[in-house]
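Spelled out, the chains give:
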Amino acid sequence: MQLEQIQTPTLILDPARTLRNIDRLVQKAQLQGVTFRPHFKTHQSHEVGRWFREVGVDKITVSSPGMAEYFAADGWEDITIAFPVNIRQIEAINELASRIRLGLLVLDPVTITALGQNLTHPVTLWIKVDVGTHRTGLEPSSTSIMDQCLEVIRTFPALQFGGFLAHAGHSYRSRSKEDVQQIYDSSLRILMDLKQRYISTWPELRISLGDTPGTSMVDHFGPVDELRPGNFVFYDLMQEQIGACTADDIAVAMACPVVALHPERLQWIIYGGAIHFSKDALKLDNGQICFGRMVEPKEDSWSVENTNRLPYIISLSQEHGIVQCTPETFSLCKPGDLSLWLPIHSCLTADAMGRYVTTDGKHVDHYRIRNGELGIRN
């Protein structure tokens, strides 16, 4: 692995692990006849997106009109923006709808009316349903509001009803396959009940569900029409703790220079803080808070064989990371050495860094690197 030229915090991407993660879930969905519409907000990269295209994926999810524009520019023609419509971006939405098959999330008749009155190109609207995450979405019992939304959709020729969409994000609090299965089953049952209620009036409606733990850990997807996981492309320590992956599946690692040693407390200071990793953390079995775990570099990537016995990050400030060692591990690094760390939440780490370097030294694009401006935080 080519690390000699790295001087500042750098996110390393392992293509072999990434491709393995992609192939696993794409094949799983294809074998069960489920439409696979992966969420690209995790990797935000043309290059990584093309790896999906090479295995037959032709529909994607993003989180903003800007990200939709970024991927449309690389040839993606069927994109759902899985974030409630911001009607202040109506011009950008209309321009996108003129070029691609665009899906949008709605929760109220006011937004739908604004879309209908201002869009001159067709879009597909999905009603967002809260299946238990309690972030956003209509309660499953809010059928009177759903009825109003559908009546408004019916009045505008440019608006098409796609169906009901949900994100079972509360699966991130699970710690067993049984918990994840229960959340998946409950979420699917809610969507199926709504489908049955409205299918006679809207015979083409579909149901769309998306979260990495469910898609990774549930064996049989059942009568869902579409799945939209995102984090699985890289995975991370949060997904490992849930049980959605192993440490060896995690496909990105932060390379951070060691800048200081504190032998009196068996700690290192690394150049790598919250603006690089994010502030997400996990509680370890020993009760300690962890912001990242160390891995050992090897010739073509890194090894996770000894990760549970290696130092871990116990605190992050803006640029500093504080690493806790043991007497046995303190001597592993000295100032000027480069250390490698698995992130807690790869989506936020990738977004914070805004670019990748692969294990063989190639630079990979990111949505934040555009208009000739490097979106990198060092």
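Look up: the structure comes first, before these words.
Quick caveat: nothing in here was measured; it's all calculated off a predicted structure.

Caption draft 1: How the structure looks around the packing of aromatic side chains. For the coordinates displayed, the defined rule picks out 12 aromatic pairs. Ring plane angle 80° and centroid distance 4.9 Å describe the contact between Tyr70 and Phe71, whose orientation is recorded as edge-to-face. No difference in accessibility class separates Tyr70 from Phe71, as the two residues are buried. On the basis of an interplanar angle of 80° and a centroid distance of 5.5 Å, the ring pair of Phe161 and Phe164 is categorised as edge-to-face. Accessibility classification places Phe161 together with Phe164 in one group, the buried group. Three or more aromatic residues joined by ring pairs form one cluster here, namely Phe36, Phe40, Phe52, Tyr70, Phe71, Trp76, Phe232 and Tyr367. Sitting over the face of the ring of Trp76, Arg53 holds its NZ or CZ atom 4.3 Å from the ring centroid.

Caption draft 2: The sheet that holds strand β3 (residues 60-62), seen in detail. Strand order in this open sheet of eight strands is β2-β9-β8-β7-β6-β5-β4-β3, and the pairing throughout is parallel. Each of the sheet's edge strands pairs with one partner strand only, and the pair in question is β2 (35-36) and β3. The sheet contact formed by strand β8 (residues 206-209) and strand β9 (residues 226-227) spans two bridges and is parallel. Within β9, the position partnered with Leu209 by the bridge is Leu227. Contacts between helix α3 (residues 65-72) and the sheet are confined to β3 and β4 (78-84), with β4 contributing the most and set at about 165° to the helix. Its contacts with the sheet put helix α5 (residues 109-118) on β5 (101-106), β6 (123-128) and β7 (159-166), and the angle it makes with β5 is roughly 150°.

Caption draft 3: Representation of the pattern of salt bridges within the structure. With the rule as written, the count across this model stands at 20 salt bridges. We note a salt bridge from Arg53 to Asp74, for which the minimum N-O separation is 3.9 Å. Placement of the pair is Arg53 in helix α2 (residues 46-53) and Asp74 in the loop between α3 and β4, with a sequence separation of 21 residues. Here Arg53 falls in the partly exposed class, since its relative accessible area comes to 33%. With relative accessibility at 15%, the residue Asp74 sits in the buried group. Measuring nitrogen to oxygen at the nearest pair gives 2.3 Å for the salt bridge that ties Glu69 to Arg99. Residue Glu69 is located in helix α3, and its partner Arg99 is located in the loop between α4 (90-97) and β5; the two are separated by 30 residues in the primary sequence. Look at the salt bridges and you will find they share partners, linking Asp14, Arg17, Arg20, Arg24, Asp248 and Asp249 into a network.

Parameters and conventions
Residues numbered from 1 in each chain as written. Predicted model: local features only at pLDDT ≥ 70, side-chain atom pairs only at ≥ 80, totals over all residues. Heavy atoms only, no water. Phe/Tyr/Trp six-rings, centres within 6.5 Å; stacked < 30°, edge-to-face > 60°. Buried < 20%, exposed > 50% of the residue type's maximum accessible area, 1.4 Å probe, protein only. Lys NZ or Arg CZ within 6 Å of the ring centre and 35° of its normal. Pairing = 2+ DSSP bridges. Helix = DSSP H or I, 4+ residues; strand = E, 2+ residues; numbered from the N terminus. Contact = heavy atoms within 4.5 Å. Axes fitted to C-alpha atoms, helices over the stretch in contact; angles between N-to-C directions. Salt bridge = Lys/Arg side-chain N within 4 Å of Asp/Glu carboxyl O.

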